[in-house]
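The chain contents come next:
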Amino acid sequence: MASQGNQQQLPSGILWLRENLFPNWWNALLTVVVVWLLVELVWRLADWVILDAVWGAVDPEGLVPYDEQWRLLLSAAVVVGLVIVTMVRLARGSALAAVWAVGAVFIAVIMWDMVASIETNASPEACRAPEAGACWAVIGDKYRFILFGRYPFDEQWRPLLAMVIFIGLIVFSCLKLAWKPWLALVWAGGLVVCAGLMYGGFWGMRFVNTELWGGLPLTLILSVVSCVLAFPLAIALALGRRSDMPIVRAICVGFIELIRGVPLITVLFMASVMLPLFLPSGVTIDKVLRALVGITLFAAAYLAEVVRGGLQAMPRGQYEAADALGLTYWQKMATVILPQALRSVIPPLVNSFISTFKDTSLVVIISLTDLLLAAKVSTADPLWRPYFVEIYVFVAVIYFIFCFSMSRYSQWLERDLARGQRRDARQKVAVMARSGPEGGGA
Amino acid sequence: MSPEHEASAPEHEIAIQLLGVNKWFGAFHVLRDINLSIARKERVVVCGPSGSGKSTMIRCINRLEEHQQGRIIVDGIELTNDLKNIEAIRREVGMVFQSFNLFPHLTVLENLTLAPRWVRKMPRKQAEEIARHFLERVRIPEQADKYPGQLSGGQQQRVAIARALCMQPKIMLFDEPTSALDPEMVKEVLDTMVELAEEGMTMVCVTHEMGFARQVADMVVFMADGEIVEMAPPEVFFTNPKEQRTRTFLSQILH
């Protein structure tokens, strides 16, 4: 009792530290060692990434000039602040997103002058200095190629705009208020606009063949369009696999097992090399379209198995209750079974989406210049050859942003969809509210 | 709007007819030569030891289980493999399950309006009016916007009864509706069923609640080993059963 009373006088932060980090001597030692390692690691990383980095020829030495370093330090401080706000859960949900957005805009503003100077003055000379850290100047020199590939330089505002529209569509589709039948129309319209921008050939926009498409827009088009198309196909395959009709079932099982039995590279190769052999001469199918079909079929086979898992986990009583009410098969599936089954497999579904997003980089083997191949090509420049690490880090960060966003969104979605349905959720709050003051006083 | 059952079609006075129905689960003969005829507005309670095939029998009536021999005629429609007949019968037959089987992702009101809107093609407003009417009848109008998981077992089962009633069925099947409930919640569900019986609904009810059988049943059917052993009005069934197996069963559950 005495120690309890003693603990209560300490601030909760110190209490937490003592309980979790310093409960006994060897845990305390471990804490100290780990913290020291972390600090060391972060310091070295910061050294390479920020302090010694060459951001372009901002000054003759190539290093960030002394009176400009405050920009970097302030940005780093803002990032640390944002991480802390996130970790201690000062803000949650949309408020947290808003805080991050404000932080990002703030950083963009204070960094703008410095980054803007990179593009114009980029030169590899400064990076050769012995004390130089990361050579971000290479990104300044190459980012147009990495992001847009071989798309004509003067026209690159078109893929940029298409990409913005595309990402806008995705973000919009993530909002619950957009989950209405008209969303399909919004997508159809958005995709037509994107395709128009990418192809051109009207209103003074030069026609650009898909051969020249590349970089991030290509990666986004391949992954998002194939996921959007694969999802309904996967549901159909999963239902077909559980169908009573033997032929339908056989076709679905055959398709799924065939596609899952071969690597994506094989599917892409078949789509791009073998398929044209079977077409009459003179008929060609666009290469991007062929890749799109290949990835769609591949993703559909995997998603179908995920969906089937969800269907199998449904209790039999749900099917029976829907049957007993007189719902037809399709009504039962659409209103009772699929909404629950799909919700239960959100984590593996998103897992599949993420891996599809990254798998699109395999289109290199049919020589489509996606984000990764564009990066690889830009490392071949003899002037910048030693700095391929920086280029790959840049690309990795782009991939990470997309994949991490998907992951966070799925976690939010899971929680949001479960909200209100759990009996325990409200009761817990009620119990805590009741026992709160008593617990504090005891 | 009169949701109560009205015998608007006097041309078939028999609501449910089972003629020589046989069913096997693999090699296990679960229903043996079942002959049963239930008139309109009749309330039938089916009882018997577990594994006697009573649940299977009533699940055959709306084709949750398929019978292999014999004929089943419900509301003048013969149950065949024709999907049209099956769906027509299911529209007229409501069912309440032992484990409620409410749809957990929908609110109570959505559970109630789902089938009327999709199957009966009813406009949303009308479906909701009917749903609220039946929630009133099962005495939980205030729970309309909650999810099933937030209700007690007894409340959930009353919602399940209301859900079946919203389709305004001619026949109601109850498959051990109180077996999964905590003892203190059995009464509220039975009360609802008694009211329904008093309004003249055709009911087939598998249950061990003998008090309920005494109170409302026109006929008690006793099943054992997949056959109907004895069939009698409750006053005869409980006081003067003919068969030895019936007597053994009654002595086991009525002491």
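Computed from a predicted model, the values in this text were never measured in an experiment. (Residues numbered from 1 in each chain as written. Chains lettered and ligands numbered in written order. Predicted model: local features only at pLDDT ≥ 70, side-chain atom pairs only at ≥ 80, totals over all residues. Heavy atoms only, no water.)

**Here's the deal with the overall build of chain A**
Looking only at helices and strands, chain A has 18 helices and one strand in total. For chain A, the proportion of its 442 residues judged to be buried stands at 40%. Sequence-distant contacts in chain A: of pairs separated by 6 or more residues, those separated by 24 or more amount to 70%. Within the structure as shown, chain A displays about 24,800 Å² of accessible surface, and the carbon and sulfur contribution to it stands at 70%. (Helix = DSSP H or I, 4+ residues; strand = E, 2+ residues; numbered from the N terminus. Buried < 20%, exposed > 50% of the residue type's maximum accessible area, 1.4 Å probe, protein only. Contact = heavy atoms within 4.5 Å. Areas by Shrake-Rupley, 256 points an atom, 1.4 Å probe, with all protein chains shown as cover.)

**Structural notes on the state of the cysteines**
Enumeration over the complete set of coordinates arrives at zero disulfides over all chains. With no disulfide of its own, Cys174 of chain A lies closest to Cys227 of chain A among cysteine sulfurs, the gap being 12 Å. (Disulfide = S-S within 2.5 Å.)

**Things to note about the sheet that holds strand β4 (residues 69–74) of chain B**
The four strands lie next to each other as β2-β1-β4-β5 (chain B), forming an open sheet whose pairing is antiparallel. Across the chains shown, the open sheet's two edge strands, defined by having one partner strand only, are β2 (28–39) and β5 (77–78) of chain B. (Pairing = 2+ DSSP bridges.)

**Structural notes on the interface of chain B and chain A**
One frequently used descriptor of interface size is the decrease in accessible area upon assembly of the parts. Each partner contributes residues to the interface: chain B has 26 residues there, and chain A has 23 residues. Across the chain B to chain A interface the summed buried area is about 2,200 Å²; carbon plus sulfur atoms make up 57%. Three residues, Arg90, His105 and Gln150 of chain B, lead the burial of chain B against chain A; their summed loss comes to 26% of the area buried on that side. One can count three salt bridges joining chain B with chain A. Of all the elements in the fold, those that place two or more residues in the side of chain B that touches chain A are α2 (83–92), β6 (93–96) and α3 (108–118) of chain B. Classifying every residue of the side of chain B that touches chain A by side-chain character gives 14 nonpolar, six polar and six charged. (Buried area = accessible area lost by both parts, 1.4 Å probe. Salt bridge = Lys/Arg side-chain N within 4 Å of Asp/Glu carboxyl O. Nonpolar A, V, L, I, M, F, W, Y, C, P; charged D, E, K, R; others polar.)

**Some details on the nonpolar core**
One recurring pattern in soluble globular proteins: nonpolar side chains tend to sit buried together. Counting residues in each nonpolar core, the largest one holds 66 residues, and the members touching the most others are Leu311 of chain A together with Ile16, Leu18 and Met57 of chain B. Here this core gets seven residues from one element, more than from any other, and that element is helix α12 (residues 287–312) of chain A. Setting aside chain neighbours within four positions, we find Leu18 of chain B in contact with Ile34, Asn35, Leu36, Met57, Ile61, Arg71 and Ile72 of chain B. In terms of nonpolar packing, the next biggest core, distinct from the first, is built from 64 residues, Cys127, Cys135, Leu222 and Phe298 of chain A among them. (Core = buried A, V, L, I, M, F, W, Y, C linked by side-chain atoms within 4.5 Å.)

**Some words on the pairing of β4 of chain B**
Residues and elements named next belong to chain B. Pairing of strand β1 (residues 14–25) with β4, which is carried by five bridges, proceeds in the antiparallel orientation. Across the sheet, the residue bridging to Gln17 is Ile73, located in β4. Following β4, the chain reverses through two residues before pairing antiparallel with β5; Asp75 in that reversal takes a positive phi of roughly 55°.

**What about the confidence of the model for chain B?**
Residue and element names in this part refer to chain B. Confidence along chain B averages 90 in pLDDT terms, with 95% of residues attaining 70 or more. Of all the helices and strands in chain B, helix α9 (residues 244–254) carries the lowest mean pLDDT, 89, while strand β7 (residues 171–175) carries the highest, 95. At the level of chain-chain contacts, confidence expressed as ipTM amounts to 0.90, with global pTM at 0.79. (pLDDT = per-residue confidence, 0-100.)

**A word on unusual backbone geometry**
Residues and elements named next belong to chain B. Even without being a glycine, Phe100 presents a positive backbone phi close to 65°. Relative to the assigned elements, Phe100 resides in the loop between β6 and α3. In this structure Phe100 comes out as buried when scored by relative accessible area, which is 12%. The backbone phi angle of Asp225 is positive, close to 50°, even though this residue is not glycine. The residue Asp225 is located in the loop between β9 (219–224) and β10 (227–232) in this model.

**Focus: the sheet that holds β6 of chain B**
Sheet strands pair by backbone hydrogen bonding; their relative direction is either parallel or antiparallel. Residues and elements named next belong to chain B. If you trace the six strands from one edge of the open sheet to the other, you get β6-β7-β8-β3-β9-β10, paired in mixed fashion. On the outer flanks of this sheet lie β6 and β10, each paired with one strand and no other. Neighbour to neighbour, the strand axes of the sheet diverge by 20° on average, direction disregarded. The pairing of β6 with β7 spans four bridges and is parallel. Bridge assignment links Val96 to a residue of β7, and that residue is Phe174. Across the sheet, α2 lies against β6 and β7, angled at about 65° from β6, the strand it touches most. (Axes fitted to C-alpha atoms, helices over the stretch in contact; angles between N-to-C directions.)

**Concerning the packing of aromatic side chains**
Taken as a whole and assessed by the stated rule, the structure comprises 15 aromatic pairs over all chains. Here Tyr199 of chain A and Phe207 of chain A contribute two aromatic rings whose centre-to-centre distance is 6.0 Å and whose plane-to-plane angle is 15°, an arrangement assigned as stacked. Residue Tyr199 of chain A is classed as partly exposed on the basis of its relative accessible area of 29%. For Phe207 of chain A, a relative accessible area of 52% gives the class exposed. One aromatic cluster in this structure is built from Tyr199, Phe207 and Trp213 of chain A. Its guanidinium or amino end placed over the ring of Phe238 of chain B, Arg214 of chain B lies 4.5 Å from that ring's centre, counting from NZ or CZ. (Phe/Tyr/Trp six-rings, centres within 6.5 Å; stacked < 30°, edge-to-face > 60°. Lys NZ or Arg CZ within 6 Å of the ring centre and 35° of its normal.)

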